[in-house]
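# Working through the structure, step by step
Read off the chains here:
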Amino acid sequence: MNRNKNKAKKKESNLRILLDTDPEVKAAFDKLSKQSQEEMLAISDEIRVPNLLSDTIFKAIFDPDVKDSLLSDFISCILGRKVKVLHSLKNEGLRHSIYSKGIVLDIVVQFEDGSIANVEIQRSGIKLSPKRAACYSADLVTRQYAITQGQAKSEIDYDIIQPVYTIIIFEESPSEFKETKKYKHFFQQKSDTGVELELLQYYAYICLDVFKEEKPRVGKKIDTWLEFLTIQDTDKMETFLKKNKSFQSVYDRVILMSKDREGLMNMITDMLANEDIVGSINRTNESIIKRQRRELAEKDKTLKAKERALKEKEKAHQRELRKKERALKTYREELQEKEKTHREELQEKEKTHREELQEKDALINELKRQLAAKKSD
């Protein structure tokens, strides 16, 4: 890294010169945040690798209309099959009414077999929902059979419609993808009965943040491409290029862009757009957090109300239980009192009965004595 810094000191970078001589460049540069300004200067001084995923650089690397475009190789690696890009298509989709807005896509190309692919670079997964991806895919289909003015519906040949591929590359992927710890995901429509039909729409998601975290060592070409696109340190890029010499010309093209006035202006514009996106994401996150806090507060309120209701119910239950316990105690006391009274009555009757028996025995004995006396006389 020190070697690069020394190299930067020998010759003032083009950006630093333009900041002193070109008011338009200076005005655009001043709109950047301090962190982005430092990053732009580091890129221009060649002590930091330009962001290869920025809109300007990515489209320059994979320009489908230049000779020997690298896009065919890149898409082939993603799809796992050999494809050849013929040419680009307009990136704005159809407007379905005078009031609707056409979908604007990043890179749209057509393959030799007639199928169409759209390659999207997204800084954050929050900005590209599955529904939005489905709209992109649907646009690639509908643009193949759009009805022109005066054309009869019966004239449309649906058999000419070719498969479409929506390829989405995330710098920061959604949580659903992170949890899998896999950086490549492919989607297509399938039957639950095993019947196979080609329903034309295919999706490929590439999660660069997961790729960097997992650091695969498989050695596949796609892994090499993704490693190249995610390197930010110049020393690491130098090591990478020594091992992968075919990427040297690509990187040289990027460095030339970072020295060119138009390239620098485009890179600054990209950074400003990214800052807007980050701000939008932060606002979205804040909105989500606020909504979640409101929902949690409402749930907490509902939970507390339920807790109070349960406590009241428990208190009522305890009161009812104590009331029943008191009634049971009173009943037991009354029962004991009745049993006591009954025993006393029985004892009194037994005593009276014994006394009566004793009196009768005494009377009998007396009668026997008198009878015996008479006999003796």
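Right, let's get into the side chain of T224. Here T224 lies in helix α10 (residues 221-230). Overall, the relative accessible area of 15% leaves T224 in the buried class.

The element strand β4 (residues 164-172) is extensively covered by neighbouring structure, given that seven of its nine residues are classed as buried. By the bridge criterion, seven bridges tie β4 to strand β6 (residues 201-207) in an arrangement that is parallel. Within the sheet, the bridge partner assigned to I168 lies in β6 and is Y205.

Attention now goes to the nonpolar core. Counting 70 residues, the largest nonpolar core has F58, F74, I75 and F228 as its most contacted members. Setting aside its immediate chain neighbours within four residues, F74 contacts F58, F62, I169, I222, W225, L226 and L229. Formed by seven residues, the second largest nonpolar core is a distinct cluster that contains I116, L140, V141 and I161.

A few words on the packing of aromatic side chains. Per the stated rule, a full pass over the model turns up 17 aromatic pairs. For the pair F58 and F62, a centre-to-centre distance of 4.7 Å together with 55 degrees between the ring planes defines the contact as tilted. Here the aromatic rings of F58 and F74 are separated by 6.3 Å at their centres, their planes lie at 75 degrees, and the arrangement is edge-to-face. Of this pair, F58 sits in helix α5 (residues 55-61) while F74 sits in helix α6 (residues 71-79), placing them 16 residues apart in sequence. On the basis of relative accessible area, F58 is assigned to the buried category, the value being 3%. An aromatic cluster is present here, built from F58, F62, F74, W225, F228, F240 and F247 joined pairwise through their rings.

Burial of strand β2 (residues 107-111) is extensive: four of the five residues sit out of reach of the surface. Pairing analysis gives three bridges linking strand β1 (residues 85-88) to β2, with the strands arranged antiparallel. Bridging from a neighbouring strand, V85 pairs with F111 of β2. Here β2 runs beside strand β3 (residues 116-124); their pairing, made up of four bridges, is antiparallel. From the neighbouring strand, V108 faces β3, where its bridge partner is N118. Hairpin connection of β2 to β3: four residues between the antiparallel strands, including G114 at a positive phi of 95 degrees.

The next point concerns helix α4 (residues 34-44). Every buried residue of α4 is listed here: S36, Q37, M40, L41, A42, I43 and S44. E46 sits one or two residues past α4 and shows a positive phi near 60 degrees.

Spatially, six strands are ordered β1-β2-β3-β4-β6-β5 in an open sheet, and the strand pairing comes out mixed. Two strands in the sheet have a free side with no partner beyond their single neighbour: β1 and β5 (184-188). Within the sheet, the average angular offset between the axes of one strand and its neighbour, ignoring direction, is 25 degrees.

What follows deals with a negative patch on the surface. A contiguous patch of negative charge on the surface is contributed by E348, E355, E356 and E359. Within the secondary structure layout, E356 lies in helix α13 (residues 261-376). When its relative accessible area of 41% is taken as the criterion, E356 is described as partly exposed.

Where helix α2 (residues 14-21) meets α4, the axes come as close as 8 Å, and the angle between the chain directions of the two elements is 125 degrees. One element, α2, and the other, α4, form an angle in the oblique class. Of the residues in α4, those touching α2 at N14, L15, R16 and L19 are M40, L41 and S44. Residues of the contact of α2 with α4, tallied by class, amount to four nonpolar, two polar and one charged.

With that out of the way, let us pick up the pattern of salt bridges. What the rule picks out here adds up to 16 salt bridges. A salt bridge links K178 to E172; the shortest N-O distance between them is 2.3 Å. A relative accessible area of 38% places E172 in the partly exposed class. With its nearest N and O atoms 3.6 Å apart, the salt bridge here joins R291 to E295. Within this pair, R291 and its partner E295 are both found in helix α13, separated by four residues, close to a single helical turn.

So, how was this worked out
- Residues numbered from 1 in each chain as written.
- Predicted model: local features only at pLDDT ≥ 70, side-chain atom pairs only at ≥ 80, totals over all residues.
- Heavy atoms only, no water.
- Helix = DSSP H or I, 4+ residues; strand = E, 2+ residues; numbered from the N terminus.
- Buried < 20%, exposed > 50% of the residue type's maximum accessible area, 1.4 Å probe, protein only.
- Pairing = 2+ DSSP bridges.
- Core = buried A, V, L, I, M, F, W, Y, C linked by side-chain atoms within 4.5 Å.
- Contact = heavy atoms within 4.5 Å.
- Phe/Tyr/Trp six-rings, centres within 6.5 Å; stacked < 30°, edge-to-face > 60°.
- Axes fitted to C-alpha atoms, helices over the stretch in contact; angles between N-to-C directions.
- Patch = residues over 30% accessible without salt bridge, like charges linked within 9 Å, V, L, I, M, F, W, Y side chains within 5 Å.
- Areas by Shrake-Rupley, 256 points an atom, 1.4 Å probe, with all protein chains shown as cover.
- Salt bridge = Lys/Arg side-chain N within 4 Å of Asp/Glu carboxyl O.
- Lys, Arg positive; Asp, Glu negative; His and termini not counted.
- Charge placed at Lys NZ, Arg CZ, Asp CG, Glu CD.
- Parallel < 35°, antiparallel > 145°, perpendicular 65-115°, else oblique.
- Nonpolar A, V, L, I, M, F, W, Y, C, P; charged D, E, K, R; others polar.

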